[in-house]
Amino acid sequence: MNVMNQIHRKSPFWSLAGPLLAYLAIQWIVQLAIVTVISLPYMADAYADLMRSGAERLLSMQEIMESYTAAMEPAFEVVVQYQVEIAGAAALGTLILTGILFAKDRKLEKACGIAVAEKKEFSVYFLIFILGVAGCIAATCLMTMAQLAFYDSQYQQTAQTLYAAGFPMQAAVLGVLIPVSEEMMFRGILFKRFRERQRFWYSAVCSSVFFAFMHTNVTQAIYAFLLGLMLSYLYEKTGSIKAPVLLHIVLNSGSVVFTQLGVFWWLGADPMRMAGAAIGGAFICSVVFVGIQRKLGSGQGEKPPETHDPMNMF
């Protein structure tokens, strides 16, 4: 992807910060709008109750807050219950933004005379699929064992919330929609735009750091950072967003499906079994990864633009 250095933007900083801020803003606005719609009926009931109570006697501020909080508890429960659906709606909103930006960037590349990457063999994507399945098992087992050693309450709460939804919704949102929306933003836009001016590793690390910050607990943040490096590598070597999207979908969908089938519960029932699955999955991942490297070749992309200071982020 060193040919990407042919693209020069008027404001390199805002070409990176702008999409990221818009992505976060869309997520926040969509989630806030849905939460507000859910809460409105409960807010109306709470207001009516306060008016009735206030007509009988003067209420203190503490009584008002306690009454309001009690009336709004059912609304909070509904929001938590539909957390996956809300996340899916936010992901759909961001896909509109990233889809437009992604299409514009490809047009800009074409205008600059940058050649489209050659289509890769089906065998490459098949190996990526196997990598995702084995990686899903290994990563989940490792995170479970990490929880036994270093308990992360936020991780446990997040997992319980996400897996509380029905299986079809989990499969659609967690397995497909969120991976696609995240890849379009953090690889399709952010990583690719970093690569217009920086070396691969700089671009991969920076985009992966931002990707990790999107996850609200330490366990998921570490996993997201390492995964981001792998996804960036696949995008770099294949030149196609399809590769990181496929791996991300398989990883997430595998987690949903294996959890539904009770595979992880079965593995977790025996520490030795879980350790064996983690080691075996990691071994398969390493073998498949070598196979992917051989299929894709050594490739280029490490050479930086000669006139650019690699220490300057923007």
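So, here's what we can say about the structure. (Residues numbered from 1 in each chain as written. Predicted model: local features only at pLDDT ≥ 70, side-chain atom pairs only at ≥ 80, totals over all residues. Heavy atoms only, no water.)

## Quick notes on the overall build of the protein
No. 1: The number of helices and strands found in the protein is 11 helices and zero strands.
No. 2: Helices (α) and strands (β) of the protein occur, in sequence order from the N terminus, as α-α-α-α-α-α-α-α-α-α-α.
No. 3: Expressed as a percentage of the 314 residues in the protein, the buried residues total 41%.
No. 4: Here the analysis covers contacts within the protein between residues at least 6 apart in sequence; of these, 83% occur between residues at least 24 apart.
No. 5: Per element, the accessible surface of the protein, about 17100 Å² overall, is 68% carbon and sulfur. (Helix = DSSP H or I, 4+ residues; strand = E, 2+ residues; numbered from the N terminus. Buried < 20%, exposed > 50% of the residue type's maximum accessible area, 1.4 Å probe, protein only. Contact = heavy atoms within 4.5 Å. Areas by Shrake-Rupley, 256 points an atom, 1.4 Å probe, with all protein chains shown as cover.)

## Points about the side chain of Ser207
No. 1: Assignment of secondary structure puts Ser207 in helix 7 (residues 200-213).
No. 2: There is a polar contact of 2.8 Å between the side chain of Ser207 and the backbone oxygen of Ser203.
No. 3: The residues contacting Ser207, other than those within four sequence positions of it, are Phe186, Leu190, Phe191, Phe194 and Ser232. (Polar contact = N/O pair within 3.5 Å; in protein donor to acceptor, adjacent residues only side chain to side chain.)

## Some thoughts on the packing of helix 8 (residues 218-238) against helix 11 (residues 271-296)
No. 1: Close contact between helix 8 and helix 11 brings their axes to 10 Å; oriented N to C, the two are set at 25 degrees. Regarding the angle of helix 8 to helix 11, the classification is roughly parallel. With respect to the hand of their crossing, helix 8 and helix 11 are arranged in left-handed fashion. Where helix 8 abuts helix 11, its residues Met230, Tyr233, Leu234, Lys237 and Thr238 lie against Phe289, Ile292, Gln293 and Leu296.
No. 2: When grouped by side-chain class, the residues that make up the contact of helix 8 with helix 11 number six nonpolar, two polar and one charged. (Axes fitted to C-alpha atoms, helices over the stretch in contact; angles between N-to-C directions. Parallel < 35°, antiparallel > 145°, perpendicular 65-115°, else oblique. Left-handed = near helix turned anticlockwise from the far one by under 90°. Nonpolar A, V, L, I, M, F, W, Y, C, P; charged D, E, K, R; others polar.)

## Points about the packing of aromatic side chains
No. 1: In this structure the tally under the stated criterion is nine aromatic pairs.
No. 2: The interplanar angle of 50 degrees and the centroid separation of 5.3 Å between the aromatic rings of Phe186 and Phe211 together place this pair among those described as tilted. One end of the pair, Phe186, is in helix 6 (residues 167-194); the other, Phe211, is in helix 7, with 25 residues separating them in the sequence.
No. 3: Seen from their ring centres, Tyr233 and Phe289 are 5.4 Å apart, and the 50 degrees between their planes marks the pair as tilted. One end of the pair, Tyr233, is in helix 8; the other, Phe289, is in helix 11, and 56 residues separate them in sequence.
No. 4: Overall, the relative accessible area of 13% leaves Tyr233 in the buried class.
No. 5: With relative accessibility at 22%, the residue Phe289 sits in the partly exposed group. (Phe/Tyr/Trp six-rings, centres within 6.5 Å; stacked < 30°, edge-to-face > 60°.)

## Points about a nonpolar patch on the surface
No. 1: Side chains of Phe13, Trp14, Leu21 and Leu24 sit close together on the surface and give an oily, nonpolar patch of about 400 Å² of accessible area.
No. 2: Along the chain, Leu21 turns up in helix 1 (residues 12-56). (Patch = residues over 30% accessible without salt bridge, like charges linked within 9 Å, V, L, I, M, F, W, Y side chains within 5 Å. Salt bridge = Lys/Arg side-chain N within 4 Å of Asp/Glu carboxyl O.)

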